[in-house]
Amino acid sequence: MSLESKISLHLDVNNGMDRVTELVQTRLIECGWRDQVRLACRKAITESKDKQVPTVDELITTVTPRARSMVPDSVKRELLHELEMILVNVDRTGYAKHF
Amino acid sequence: MKELFGKLSKDFHEIVNNKQLLRTATEKFLNNLIDDLTLGVIFDIHRKAKTRAFDLDGEGDGVEVEKGMDIEIFSQYNIKKTQDCVCPYCDRAVAATRFATHLVKCMLDGKSRQKNAARKVTVNNSSKEQENSYRDSGVSDNEDDADWRPGDKRRKKKKDRNGKKRSKGTPKKLLTQSIWTH
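No experiment lies behind these values; they were computed from the predicted model shown.

1. Here's the deal with the overall build of chain A
Scanning chain A from N- to C-terminus turns up five helices and zero strands. Along chain A, helices and strands appear, N-terminal first, in the series α-α-α-α-α. Here chain A holds 99 residues, and 41% of them are scored as buried. Considering only intrachain contacts with a sequence separation of at least 6, the fraction spanning at least 24 residues in chain A is 70%. Carbon and sulfur atoms make up 49% of the accessible area of chain A, which amounts to about 6,000 Å² in all.

2. Some points on the nonpolar core
Counting residues in hydrophobic clusters, the biggest one holds 41 residues, and the most contacted among them are Leu11(A), Val20(A) and Phe29(B). In terms of residue count, the dominant contributor to this core is helix H2 (residues 19–50) of chain B (10 residues). Not counting the four nearest positions on each side in its chain, Phe29(B) is found in contact with Glu4(A), Ile7(A), Ser8(A), Leu11(A), Met17(A), Val20(A) and Leu83(A).

3. What about the interface of chain B and chain A?
Opposite the 42 residues of chain B that make contact, chain A presents 49 residues. Between chain B and chain A, roughly 4,300 Å² of surface is buried when both sides are summed, and carbon and sulfur atoms account for 79% of that area. Joining chain B to chain A, the criterion identifies three salt bridges. Between Arg68(A) and Asp35(B) there is a salt bridge, with its nearest N and O atoms 2.5 Å apart. In this structure, the connection of chain B to chain A is made through six residue pairs in polar contact (both at pLDDT 80 or more). Contributions of two or more residues to the side of chain B that touches chain A are made by helix H1 (2–17), H2 and helix H3 (61–66) of chain B. Per-element tally for the side of chain B that touches chain A: the top contributor is H2(B), with 26 residues.

4. Observations concerning the pattern of salt bridges
Applying the stated rule across the entire model yields seven salt bridges over all chains. Note that Arg23(B) and Glu84(A) form a salt bridge whose closest N and O atoms lie 2.6 Å from each other. Within this pair, whereas Arg23(B) is found in helix H2, its partner Glu84(A) is found in helix H5 (residues 73–93), the two belonging to separate chains. Note on Glu84(A): relative accessible area 14%, which makes it buried. If you follow the salt bridges from partner to partner, you end up with Arg27(A), Glu30(A) and Glu78(A) in one network.

5. Observations concerning the packing of H5(A) against H2(B)
Packed helices, taken two at a time, are described by the angle between their axes plus the distance between the axes. Remark: H5(A) packs on H2(B), axes separated minimally by 10 Å, with the N-to-C direction vectors making an angle of 115°. Between H5(A) and H2(B) the crossing geometry is right-handed. Of H2(B), the residues touching H5(A) (which contributes Lys76(A), Leu79(A), Leu80(A), Leu83(A), Glu84(A), Leu87(A) and Val88(A)) are Leu22(B), Arg23(B), Thr26(B), Glu27(B), Phe29(B), Leu30(B) and Asn31(B).

6. So, the packing of helix H3 (residues 33–46) of chain A against H2(B)
The interhelical angle for the contact between H3(A) and H2(B), taken along N-to-C directions, is 45°, at an axis separation of 10 Å. Viewed along their axes, H3(A) and H2(B) adopt a mutual orientation that is oblique. Between H3(A) and H2(B) lies a crossing whose hand is right-handed. For the pair formed by H3(A) and H2(B), the contact residues are Trp33(A), Arg34(A), Val37(A), Arg38(A), Cys41(A), Arg42(A) and Ile45(A) on the first element and Ile34(B), Leu37(B), Thr38(B), Val41(B), Ile42(B), Asp44(B), Ile45(B) and Ala49(B) on the second. Tallied by class, the residues present in the contact of H3(A) with H2(B) amount to 10 nonpolar, one polar and four charged.

Criteria and thresholds
Residues numbered from 1 in each chain as written. Chains lettered and ligands numbered in written order. Predicted model: local features only at pLDDT ≥ 70, side-chain atom pairs only at ≥ 80, totals over all residues. Heavy atoms only, no water. Helix = DSSP H or I, 4+ residues; strand = E, 2+ residues; numbered from the N terminus. Buried < 20%, exposed > 50% of the residue type's maximum accessible area, 1.4 Å probe, protein only. Contact = heavy atoms within 4.5 Å. Areas by Shrake-Rupley, 256 points an atom, 1.4 Å probe, with all protein chains shown as cover. Core = buried A, V, L, I, M, F, W, Y, C linked by side-chain atoms within 4.5 Å. Buried area = accessible area lost by both parts, 1.4 Å probe. Salt bridge = Lys/Arg side-chain N within 4 Å of Asp/Glu carboxyl O. Polar contact = N/O pair within 3.5 Å; in protein donor to acceptor, adjacent residues only side chain to side chain. Axes fitted to C-alpha atoms, helices over the stretch in contact; angles between N-to-C directions. Left-handed = near helix turned anticlockwise from the far one by under 90°. Parallel < 35°, antiparallel > 145°, perpendicular 65-115°, else oblique. Nonpolar A, V, L, I, M, F, W, Y, C, P; charged D, E, K, R; others polar.

Fair warning: the whole summary comes from geometry, so function is off the table for now.
Here it is as structure tokens:
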């Protein structure tokens, strides 16, 4: 089992997944990352060959690496710090306390 | 069950206590989350492009935004797109907020309105025909009778009135014509 799937499993067990995804999503929308990704998508569609709409797979291969690099460093650091804090808090308060 | 939770909590405790491991794990997890969100955006945009929700072929829309014009262009564009709903009964563009109330009224009054509209159309047509018939006075009553339809009482009445008038009017004109010819 990979590390990231372990983390998501532990968060799921502790009912923290929704909270974390919401946190990341709102922060990324606030900093305008989503609009940038949208623009990148539209650019990729307009620049595609034969003026046809590219398939989803093609869009994913072109846009995903760009989208990762588009996240501002400060936001990424902040989010990492907050995620770590949440995980440490879960460990402190007791694993699967709500079960 | 308890064993499973014990194992899980032990594993989690190990990850959290090892700072470097925690850092790499959270980084990977965050990257995964970001990828998920990009996937959502990609699906959304792809669907919009396929269903032509925005005009990608139109010149400049995308380009203008790239040049650094504000994102407001988007919002205005979207507002215009979404706020007009065309009523299926009367074919009018109605604001989305008023559409529900309009539809209720339109559906309830639809039948009576349609009847009224049909009446208006027939009345207008008949009046136009009458005007035409007045203009070219040579038209005889028999030609008008060809357009006559059974069951249209209004038309029938109007025709009767006009028939009387014409009966008075036509002989004079005929007379003048006959005078000029002689």
